[in-house]
Amino acid sequence: MSAQTADVVVIGAGVLGGAAAFHLALGGHRVIVLDRGAPGREGSGTTAGNLHVQAVHTRRPGQEVPLDSARFLPLQRAASDRWNSVEAELEASVELRRSGGFTIAETPEQRAELIAKHAWEERAGIRTEVLDGDGARAALPLLGPTVTAATWCPLDGYANPLLTTPAYLAAAVRHGARLHPFCPVRAVERSGSGWRVTAGDLTVEAPHVVDVAGPWLGEIAALAGIGLRMTPVAIQMHVTVRLPETLRYLVQHIGEGLSVKQVTAGNLLIGGGWPALRLDPDGRSPVSLSSVLGNVAQAARVLPFVRDLRLLRTWAGPLAATPDEMPVIGEVPGAPGFLVAGGTYAFTFAPLWGETLRCLVEGKPAPVDVRDLGPDRLLEPAAPAAPYEEAR
Amino acid sequence: MTASRDVLVVGGGPAGLSAAARLAAAGLGVTLVDEQPELGGQYYRRPSPAVLREHGDHRPEGGRLIAHVRSLGVDCLTGHLVWGVDDDGRTLLATGPDGTPVRLRARHVIVATGAYERTHPFPGWQLPGVTTPGFAQHLAAADGTPPGRRVLVAGSGPFLLPVACSLLAAGADVVGVAEAGHPYRPSLRAAPALRHPARLRELAGYVARLARARVPLWQGRVVNGAAGGDRVTSVTLAATVDPGRPLRTLDVDALCVGYGFRPQTELARLLGCEISADAVTGDAEPVTDAFGRTSRPGVYVVGEAAGVGGVHRARVRGAMAAAHILLREGSPAAPGPREIARLAAQGRALTRFTAMSDALYPSPARLQEVLAATLDDDTIVCRCEAVTAAAVRSAAAERAGGDLNAAKSWSRAGMGPCQGRFCGFAVAGLVRDAAEAPPAGGARCGVPVFPARQPVRPVPVETLLALGEQDGGDG
Ligand SMILES: Cc1cc2nc3c(=O)[nH]c(=O)nc-3n(C[C@H](O)[C@H](O)[C@H](O)COP(=O)(O)OP(=O)(O)OC[C@H]3O[C@@H](n4cnc5c(N)ncnc54)[C@H](O)[C@@H]3O)c2cc1C
Ligand SMILES: Cc1cc2nc3c(=O)[nH]c(=O)nc-3n(C[C@H](O)[C@H](O)[C@H](O)COP(=O)(O)OP(=O)(O)OC[C@H]3O[C@@H](n4cnc5c(N)ncnc54)[C@H](O)[C@@H]3O)c2cc1C
């Protein structure tokens, strides 16, 4: 057993852990990042990598409440701006692309929602444009005949998640952070005015703990005796074989779970939050055929050229949602120094939350006001700490 | 269309055919699916009609077995690729030759998907004229054409010899056979083979044939690189003990190089069968018992999909699974205890023979180590995604902590249409090499194989749409 000290222990080496470690290390803090497996393999290795900037209106299949767009949009706006400097800061390409995107509607109700959404976007300072069906097809001739309206947002984009998390972690390590993969956290206890974290063969004492364990955020908090209402789910992605550059934009659906884009390598990525067969927290969640068929059929209806492609592969990944679908970020009341960050759309928010976590640790004002996004709204009586299985 | 039968057999090679024949003879309804246009698998692959007319059938027992299976009323779906598993975890999904989707359901499922060749890249491996021995063998046996006029056969394993003989028969000038190990010298390790005189006679026959044709047999040699313009024109060999240093260069217009076989386990894994790493080969293999039973009730894996061991073992394994199903079904045609004991004894003897034979050749782990040394940083390892050895090495060393799947994510090696079938072995070797000692307390990918993902081969979106429409139609 080696005991170490640090200023901050970051639990989870996903994109949020990477971004937090980078910003903290850049600020001169001694950072230790722990992951139970190889870094960036869970939500951050399976994500679609979309930068959602125009209002997210769709509900994931199974999602119970809609997002509060009035609150969410200003955050998206800030997150969007934050991405502009990521590649320069990390001194690495993450295949960042801001070529814009369409959200499409097929029914009259969806069309009405598009128009309402446009009004909120204006208020949040996000420029979007509403097009009718023919206008949308003129702008993007690949759209099919069922499309009756679309909003265009020039800020939507994509970054390659398989490059982003490694780039954040590499930059964090360059600035002095220490990364311990294959080091599952087993205990988190109070120690003096700070925390003692036990993981693998390590014990680390630090005044701050940042719990960014994604789907396991609640599980890590429970180790510290904190009960948080989070729901881990697994959703799936579908990718076609490569094709020549065909689709430059992100295409999403306002009423159904659907997002389509062509990635830099040439493959088309089809997602939209369709549920996997089940969540397997200890391995790879298996995909559901009915979700494959449903998601691919939507894509082929909205973008008929998809019909002529071949499906290369499918996969599923886990994420943790909050009951109100909003992000969670902040210190846990009654647990000074214990910070959490997570929730849906964490990829889009990663650069912003990385910087925000640094400000929270330093007690400085955050780039955006996140006081209403804290974990207090998720607190519940802690379940009796379950013995943490070591051999997972 | 949904086909629902007593037994579904995936793979019409020796193992699948043997199982199907027994089950159908006992009166069970059997569907046999194979992605190839003809049954036969690797060993009983049918020659083209022209070759049949001119040279006759090189493996007539295969033709007879296929005819027998067909005459018993087995529903043979050739040209059908099985690519996935439905949400019930049991129904298999297939695509017919015209893209029509088919769901296949049965009370018992036998996976007999065989093995794929173990390839390893080297500088120049992508040149036209470089093939695997298996491919060359098919060309020679099925079409009567050798892959070139001056051919070097290289790699490791017993099957290099029959391949070289087939190439001679097809009229090629075999410039030599280069074997990485030293299996063909009198050795105490080979003593147990004396209990398998038939196998030994077979091997001796190949050696004699090559000697008559004055084909040199070099042992302890590996391919260190190939060169050429439009096509391979020369190959350099190195000593297995010093693989980075070229020893001699040979002029050729074709090179057949391969290192044996790896079980094809994707379907077994998609069906949820437990797999483990074979103690000797390190290859991922489904955990099976003598009857081919897996961790999933009603799912059997037989033949080379359960572990590489040649045609005789594949046939016995197929027969054992059939016997078990007939017993479970309470079939009057189920074999009695004596026949089962006889089959099981045969199976054990063949398993011992495989172990003995494996011990004569360098282990796959040793090959990974030797061959990685021939890979300079610029060599493309994954040709689907054009990933170099350097890219895999750096992805593996940086933070992947020796995790094969993380190295795949970060380098893209294995992400292309072949799903890592060609590069998987080499990538696993590079990742293992690049990793530092595994940190304590860490769980990591225990079996060195890329995860099985559906579809196992790319499937047309049209097929998926048609499958979805069927669901709508079913209610
Ligand atoms: C299929 C899919 C598509 C998505 N699409 C988008 C999108 O297009 N845009 C978007 O903005 N968001 C999207 N998301 C959401 C978002 O991308 C992910 O949720 C985000 O990457 C999560 O990052 P994270 O760092 O919070 O968690 P993760 O990446 O899940 O990382 C958590 C880490 O914690 C580690 N951990 C767990 N337990 C322990 C322990 N005991 N000790 C140490 N470490 C531990 C895990 O190993 C893991 O590496 C998607 C998510 C999925 C699954
Ligand atoms: C060049 C060469 C020479 C050989 N020489 C010898 C020898 O001399 N002696 C010896 O004992 N052995 C030899 N072998 C090995 C022998 O061929 C195998 O042991 C034997 O064929 C294994 O039988 P099997 O039924 O397990 O698999 P296979 O014969 O490989 O049959 C598997 C079948 O499954 C089908 N299949 C796979 N996946 C799918 C899918 N997803 N959907 C539908 N169909 C699928 C394939 O098309 C194939 O027809 C040789 C092999 C090769 C390649």
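Residues numbered from 1 in each chain as written. Chains lettered and ligands numbered in written order. Predicted model: local features only at pLDDT ≥ 70, side-chain atom pairs only at ≥ 80, totals over all residues. Heavy atoms only, no water.

Per an unreviewed UniProt entry, chain B is named NADPH-dependent 2,4-dienoyl-CoA reductase/sulfur reductase-like enzyme, and its organism is Actinomadura citrea.

Going by what an unreviewed UniProt entry lists, chain A is known as Sarcosine oxidase subunit beta and is assigned to Actinomadura citrea.

A. Spotlight on the environment of His80(B). All names here are of chain B. Inspection of the secondary structure puts His 80 in the loop between strand 3 (75-78) and strand 4 (81-85). According to the relative accessible area criterion, His 80 is buried, its value standing at 12%. A C-alpha to C-alpha distance of 9.3 Å links His 80 and Asp 98, two positions 18 residues apart in sequence. In contact with His 80, other than residues within four places in its own chain, are Val 33, Asp 34, Glu 35, Thr 95, Gly 96, Pro 97 and Val 102. A distance of 2.8 Å separates a polar side-chain atom of His 80 from the backbone oxygen of Thr 78. (Helix = DSSP H or I, 4+ residues; strand = E, 2+ residues; numbered from the N terminus. Buried < 20%, exposed > 50% of the residue type's maximum accessible area, 1.4 Å probe, protein only. Contact = heavy atoms within 4.5 Å. Polar contact = N/O pair within 3.5 Å; in protein donor to acceptor, adjacent residues only side chain to side chain.)

B. Representation of the sheet that holds strand 11 (residues 217-219) of chain B in the model. All names here are of chain B. An order of 8-15-9-10-11 is seen for the 5 strands of this open sheet, with the pairing classed as parallel. Two strands lie at the open edges of the sheet, namely strand 8 (130-131) and strand 11, each paired on one side alone. Bridging between strand 9 (residues 150-155) and strand 10 (residues 173-179) involves 6 bridges; their strand directions are parallel. Paired with Val 151 across the two strands is Val 174, which belongs to strand 10. Contacts from helix 5 (residues 160-169) reach strand 9, strand 10, strand 11 and strand 15 (254-258) within the one sheet, and its direction differs from that of strand 10 by about 175°. (Pairing = 2+ DSSP bridges. Axes fitted to C-alpha atoms, helices over the stretch in contact; angles between N-to-C directions.)

C. The arrangement of the nonpolar core in detail. Formed by 59 residues in total, the largest nonpolar core has its most connected members in Leu143(A), Leu303(A), Val306(A), Trp83(B), Leu92(B) and Leu104(B). It is helix 9 (residues 289-302) of chain A that provides the largest number of residues to this core, a total of 7 residues. Setting aside its immediate chain neighbours within four residues, Leu92(B) contacts Leu8(B), Val10(B), Val82(B), Gly84(B), Val85(B), Val102(B), Arg103(B), Leu104(B), Val109(B) and Leu271(B). Formed by 49 residues, the second largest nonpolar core is a distinct cluster that contains Ala13(A), Val33(A), Leu67(A) and Trp83(A). (Core = buried A, V, L, I, M, F, W, Y, C linked by side-chain atoms within 4.5 Å.)

D. Region of the structure containing the interface of chain B and chain A. Across the boundary between the two partners, chain B contributes 39 residues, which contact 39 residues of chain A. Taken together, both faces of the contact between chain B and chain A bury some 3,400 Å²; the carbon and sulfur share is 59%. Where chain B touches chain A, the interface holds 2 salt bridges. A salt bridge links Arg307(A) to Glu462(B), with the shortest nitrogen-to-oxygen separation between them at 2.8 Å. Joining chain B to chain A, the criterion identifies 13 residue pairs in polar contact (both at pLDDT 80 or more). Those elements giving two or more residues to the side of chain B that touches chain A turn out to be helix 12 (404-411), strand 22 (459-460) and helix 14 (461-474) of chain B. (Buried area = accessible area lost by both parts, 1.4 Å probe. Salt bridge = Lys/Arg side-chain N within 4 Å of Asp/Glu carboxyl O.)

E. Up close: the pairing of strand 12 (residues 221-228) of chain B. Residue and element names in this part refer to chain B. In terms of strand pairing, strand 12 meets strand 13 (residues 232-239) through 7 bridges, oriented antiparallel. From the neighbouring strand, Gly 225 faces strand 13, where its bridge partner is Thr 236. Counting the residues that bridge the hairpin from strand 12 to strand 13 gives 3 residues.

F. Expanded view of the pattern of salt bridges. All chains considered together, the criterion is met by 34 salt bridges over all chains. For the salt bridge of Asp369(A) with Arg371(A), the shortest nitrogen-to-oxygen distance reads 2.8 Å. As a salt-bridge pair, Arg342(B) and Glu339(B) come within 3.7 Å of each other at their nearest N and O atoms. Placement of the pair is Arg342(B) and Glu339(B) together in helix 9 (residues 337-360), with a separation of 3 residues, close to one helical turn. According to the relative accessible area criterion, Arg342(B) is partly exposed, its value standing at 44%. For Glu339(B), a relative accessible area of 26% gives the class partly exposed. Residues participating in the shared-partner salt-bridge network are Arg36(A), Glu42(A) and Arg284(A).

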